[in-house]
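Now for the letters of each chain:
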Amino acid sequence: MTGRHSVEKIGGTSMAATATLFDNVLIAGRSGANLYHRIFVVSAYGGMTDLLLENKKSDAPGVYGRFVAQEDDGGWREAIEIVRSAMHERNAAMFARPESRAEADAFVDQRIAAVAACLDDLARLRSHGRFCVKEQLTTARELLAGIGEAHSAHSTSLLLRDRDVNARFVDLTLWNQDDLGSLDARIEQAFAAIDLSTALPVVTGYAGCEGGMVRRYARGYTEMTFSRIAVLTGAREAIIHKEFHLSSADPKLVGEGKARKIGRTNYDVADQLANLGMEAIHPGAGRGLRQSGIPLRVRNTFDREDAGTLVTGDYVSDVPRVEIVTGLRQMQALQFFEQDMVGVKGYDAAILDALTRHKLWIVSKSSNANTITHYLSASAAAVNAAVAELQDRYPDASITAQPVAMVSVIGSDIARPGLVPDALRALDEAGVPMIAMQHQIRNVDVQFLVAPRDFEVAVRALHKALVEDGALVEDGAISAEDRRAA
């Protein structure tokens, strides 16, 4: 590999905006040799993985959810036909050339038929009560997930070839192979014979490998594939194309003209965003890029001329400042109080074990002599199950859970004098009582815990005080309002 190339990941919403994607990203005015030295890793078209697995937001079951529920055959079969129809409709909207559309439809039909046959076999086994198929259900989930990325990568390759681009469909899904090696080995094998100066690889964001991508990384698997390809091929830059800029706050909350594009930041900030569930980059994916010294750029698919936000390992803003105000609207604060905890070890480990068993995401924690509090991104029901388990083990402890919201102010260096007093003053003037606060020595973030009903007001108040009124505008991080005026 030459190291001249970029590796670029396209999210599902951007994939669904096909015409804009070609105009702003895939072609974007390039011709000839300028089309190459790029690798594209694609997500499934927006909404497709929801139909295959389950809806990411509402948990409404897709093919997998209905199969696991052990409905009659009509349930999951109906769901998989919905997927087929959705993919055919997507193809019909994209392809002008009938032969290419027919090829794309045939590819979809082949993949769906193969996976449906596997589900048929598994359903027959499951009908005999003496067979345990739990492990096979996990495999079925992996197979279903891969269909979405296979469809989008195959169709994108066809569309590029229709435009006389030498696109190469790189299928990492391993849908019809039994030998599952490591993710790295799979990538190295796939790229061994590809000349990036004359071919444009379009790669499935899902990769079939040992351990299972969905099992290990949930819905963040496309970013792991993207990251490992960038590292293993020695990319000069990794780029993520999203439907929005990486901004100082959600424009829907603070106003389009008030949110600012960040412009420059570092991987510490990206990690804080990932911890809050924000879609910047999966923490595992960011770790690989950071360790390899590969810069990450987050670009807005719908803003062709804007360079986006550059994330590097060594960046620190010239003047301490807040870069982003964000957080979680719905959390649970699990508080463990035990008078006899003072000087006694083991309580913290036991609590962590229980939270791990219940698969609860820990956003932050605090402790003093006799109290340990975990702030969890989880439902009340899930947290209550952990509370009940801990109460059985420690009957004399007072263990409670309450809903909270977290608003976090984040930056590569927020060590400016008066930041916390300014923030507290802004919350007080906005009428937002603070439940708790976390401030780390590293000076990357400060977390404010408030009531869920106060979340939006708190975001607006802190953004106005720390970004709009007191921000240093640098590195091109100007507001949409200022950009229009310019």
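Preceding block: the structure.
All values reported here derive from a predicted model rather than from experimental measurement.

Things to note about the overall build of the protein
Item 1. Broken down by element type, the protein carries 18 helices and 14 strands.
Item 2. Against the 2.2 N^0.38 benchmark of 23 Å for 486 residues, the protein shows a C-alpha radius of gyration of 24 Å, consistent with a compact globule.
Item 3. C-alpha extents for the protein along the principal axes are approximately 70 × 70 × 35 Å.
Item 4. Buried residues in the protein amount to 53% of all 486 residues.
Item 5. Sequence separation of at least 24 residues holds for 76% of the intrachain contacts in the protein that already meet a minimum separation of 6.
Item 6. For the protein, the computed accessible surface area is about 21,600 Å², with 49% contributed by carbon and sulfur atoms.

A word on the side chain of His 241
Item 1. By the element assignment, His 241 lies in strand β5 (residues 237-242).
Item 2. Residues contacting His 241, with those up to four places away along its chain left out, are Glu 8, Lys 9, Ile 10, Gly 11, Ser 14, Val 25, Phe 40, Arg 299 and Thr 301.

Here we look at the nonpolar core
Item 1. If you look at the biggest cluster of nonpolar residues, it comprises 100 residues, and the most contacted ones within it are Leu 144, Leu 160, Phe 226, Ile 229, Leu 289 and Leu 296.
Item 2. If you tally residues by element for this core, the top one is helix α7 (residues 134-162), at 9 residues.
Item 3. Formed by 24 residues, the second largest nonpolar core is a distinct cluster that contains Leu 253, Ile 414, Ala 423 and Val 459.

Side note on the sheet that holds strand β11 (residues 371-377)
Item 1. As summarised here, the arrangement of the 6 strands in space is β10-β11-β9-β12-β14-β13, forming an open sheet in which the pairing is antiparallel. Both edges of this open sheet fall to β10 (361-367) and β13 (436-439), since each of them pairs with a single strand only. Averaged over neighbouring strand pairs, the angle between their axes works out to 30 degrees when direction is ignored.
Item 2. Contacting β9 (324-337), β10, β12 (398-410) and β14 (445-450), helix α12 (residues 267-275) runs over the sheet at an angle of about 100 degrees to β10.

Some points on a nonpolar patch on the surface
Item 1. On the surface, a cluster of nonpolar side chains totalling about 210 Å² of accessible area is made up of Leu 424, Met 434 and Met 437.
Item 2. Structurally, the position occupied by Leu 424 is in helix α16 (residues 419-429).

So, the packing of aromatic side chains
Item 1. One pass over the full model with this rule turns up 6 aromatic pairs.
Item 2. Ring centres of Phe 67 and Trp 76 lie 5.7 Å apart, and the angle between their planes is 75 degrees; on these two criteria the pair is classed as edge-to-face.
Item 3. Its relative accessible area of 1% is what places Phe 67 among the buried residues.
Item 4. You can call Trp 76 buried: its relative accessible area is 1%.
Item 5. Linked through ring pairs, Phe 336, Tyr 347 and Tyr 394 together constitute an aromatic cluster.
Item 6. Across from the ring centre of Tyr 45, 5.2 Å away, lies the NZ or CZ of Arg 90, which sits over that ring.

Remarks on helix α2 (residues 18-26)
Item 1. All of the buried residues along α2 are Thr 18, Leu 21, Phe 22, Asn 24, Val 25 and Leu 26.
Item 2. At the C-terminal side of α2, Ala 28 shows a positive phi close to 50 degrees.

Some thoughts on the side chain of Ser 14
Item 1. As for its position among the elements, Ser 14 is in helix α1 (residues 12-16).
Item 2. In this structure the side chain of Ser 14 is engaged in a polar contact, spanning 2.7 Å, whose partner is the side chain of Thr 301.
Item 3. Every residue in contact with Ser 14, bar those within four places of it in the chain, is listed here: Leu 21, His 241, Lys 242, Glu 243 and Thr 301.

Brief notes about the pattern of salt bridges
Item 1. On inspection of all chains with the given rule, the structure shows 27 salt bridges.
Item 2. The residue Arg 290 makes a salt bridge to Asp 271 at a minimum N-O spacing of 3.4 Å. Taken together, the residues span a long stretch of sequence, with Arg 290 in helix α13 (residues 283-291) and Asp 271 in helix α12 at a distance of 19 residues.
Item 3. With a shortest N-O distance of 2.9 Å, Arg 425 and Asp 422 are connected by a salt bridge. With Arg 425 and Asp 422 both in helix α16 and 3 residues apart, this pair spans about one turn of that helix.
Item 4. Given a relative accessible area of 26%, Asp 422 falls into the partly exposed group.
Item 5. Overlapping salt bridges bring together Asp 50, Glu 54, Arg 141 and Arg 219 as one network.

Some thoughts on the pairing of β12
Item 1. Two elements, β9 and β12, share 12 bridges in a ladder whose sense is antiparallel. Residue pairing for β12: Gly 327 is matched across the bridge by Val 407.
Item 2. As defined by bridge partners, β12 adjoins β14 across 6 bridges and the pair is classed as antiparallel. Paired with Ser 408 across the bridge in β14 is Gln 447.

Parameters at a glance
- Residues numbered from 1 in each chain as written.
- Predicted model: local features only at pLDDT ≥ 70, side-chain atom pairs only at ≥ 80, totals over all residues.
- Heavy atoms only, no water.
- Helix = DSSP H or I, 4+ residues; strand = E, 2+ residues; numbered from the N terminus.
- Rg over C-alpha atoms; globule rule 2.2 N^0.38 Å.
- Buried < 20%, exposed > 50% of the residue type's maximum accessible area, 1.4 Å probe, protein only.
- Contact = heavy atoms within 4.5 Å.
- Areas by Shrake-Rupley, 256 points an atom, 1.4 Å probe, with all protein chains shown as cover.
- Core = buried A, V, L, I, M, F, W, Y, C linked by side-chain atoms within 4.5 Å.
- Pairing = 2+ DSSP bridges.
- Axes fitted to C-alpha atoms, helices over the stretch in contact; angles between N-to-C directions.
- Patch = residues over 30% accessible without salt bridge, like charges linked within 9 Å, V, L, I, M, F, W, Y side chains within 5 Å.
- Salt bridge = Lys/Arg side-chain N within 4 Å of Asp/Glu carboxyl O.
- Phe/Tyr/Trp six-rings, centres within 6.5 Å; stacked < 30°, edge-to-face > 60°.
- Lys NZ or Arg CZ within 6 Å of the ring centre and 35° of its normal.
- Polar contact = N/O pair within 3.5 Å; in protein donor to acceptor, adjacent residues only side chain to side chain.

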